[in-house]
Amino acid sequence: MVEDDASDWRDALWKANAPLFEGIPPFATGIGTLPAGWCELVESLCARLTAAATAASGRVHVSRLYEDRAVIEVVCKAIPPNAGLEAVVAEVAARAAARSACTCAACGRPGARYRIAFRVFAACPLHMPRGSVEVFPNWPTIRVVRSIVAGRSRIVACEAYDRGLDRFVASSPEALGIRHFP
Ligand SMILES: [Zn+2]
């Protein structure tokens, strides 16, 4: 396997953000699984992780950055351990995961997740695979807070990722199609 290919945007990204990866070769991070349509959100993710580390006078070490079932996954830690930095990093990673789940892997336009059997794709209506069905609710774009109410686990608060605002906003479970999962 080629360890370095400057013509590939992912290798360029890995080079530009070398302090995050601390010399782990691109293929070992899983970065090669990231589709071109996610370029903007991956660059934003890396910029935000770097900014968070700088603001906390610490470091963020990314050991894995890869696509899994049409969602970007980030495995990283703060060095030295820092609860405040880790909280910021968790929020940054959650926003990236939510954005990937509604961004077409092919063209980067707004989309959703579609599946054929157990294969899942992030796609816009133009690039959705023929014969696929939309995955709904799109869980990576949703956050719920549960509490025990009258002896049963209930959703007491709900947030949905707003792609235009690039953040989570309060929403109702019904609006997100999760009323059948109380
Ligand atoms: Zn598309």
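Keep in mind the model is a prediction, meaning the values are calculated, not measured.

1. Overview of helix α5 (residues 83-100)
- The end-to-end C-alpha distance of α5, which contains 18 residues, comes to 25 Å, matching closely the 26 Å that a straight helix rising 1.5 Å per residue would cover.
- Taken together, the buried positions of α5 are Leu-85, Val-89, Val-92, Ala-93, Ala-96, Ala-97, Ala-98, Arg-99 and Ser-100.
- If you follow the buried residues of α5, they end up packed against α4 (39-55), β1 (59-68), β2 (71-79), β4 (119-123) and β7 (152-162).

2. Quick word on α4
- For α4, with 17 residues, the first-to-last C-alpha span of 24 Å sits near the 24 Å given by 1.5 Å per residue.
- Of the positions making up α4, those classed as buried are Leu-41, Val-42, Leu-45, Cys-46, Leu-49, Ala-52 and Ala-53. Take α4 and look down its axis: the buried residues cluster within an arc of 140 degrees, on one side only. Among the exposed residues of α4, those oriented more than 90 degrees off its buried face are Glu-40, Thr-54 and Ala-55.
- Considering only its buried residues, α4 is in contact with α1 (9-16), α2 (18-21), β1, β2 and α5.
- Of the residues one or two after α4, Ser-57 is the one with positive phi, at around 50 degrees.

3. Overview of the sheet that holds strand β6 (residues 142-149)
- One open sheet accounts for three strands, arranged β6-β7-β8; its pairing is antiparallel. Only two strands of the sheet have a single neighbouring strand rather than two, namely β6 and β8 (167-170). Taken pair by pair, the neighbouring strands of this sheet meet at an average axis angle of 35 degrees, ignoring direction.

4. Overview of the nonpolar core
- Grouped together as the largest cluster of nonpolar side chains are 43 residues, with contacts concentrated most on Leu-49, Val-60 and Val-89.
- Residues from two domains meet in this core; each of domain 1 (9-135) and domain 2 (136-182) gives at least three.

5. Some remarks on the domain arrangement of the chain
- The domain boundaries assigned to the chain delineate domain 1 (9-135) and domain 2 (136-182).
- For domain 1 versus domain 2, the separation of C-alpha centres amounts to 22 Å.
- The partner domain 2 presents eight residues to the twelve residues of domain 1 that form the contact.
- Those elements that place two or more of their residues in the side of domain 1 that touches domain 2 are α5 and β3 (112-116).
- In terms of residue count, α5 provides more of the side of domain 1 that touches domain 2 than any other element does, four residues in total.
- Here the residues of the side of domain 1 that touches domain 2 are counted per class, giving eight nonpolar, no polar and four charged.

Criteria and thresholds
Residues numbered from 1 in each chain as written. Predicted model: local features only at pLDDT ≥ 70, side-chain atom pairs only at ≥ 80, totals over all residues. Helix = DSSP H or I, 4+ residues; strand = E, 2+ residues; numbered from the N terminus. Expected span 1.5 Å × (residues − 1). Buried ≥ 20, exposed ≤ 12 C-beta atoms within 10 Å, placed from the backbone. Contact = placed C-beta atoms within 7 Å. Arc of directions from axis to C-beta. Pairing = 2+ DSSP bridges. Axes fitted to C-alpha atoms, helices over the stretch in contact; angles between N-to-C directions. Core = buried A, V, L, I, M, F, W, Y, C linked by C-beta atoms within 7 Å. Domains from an automatic or database assignment. Nonpolar A, V, L, I, M, F, W, Y, C, P; charged D, E, K, R; others polar.

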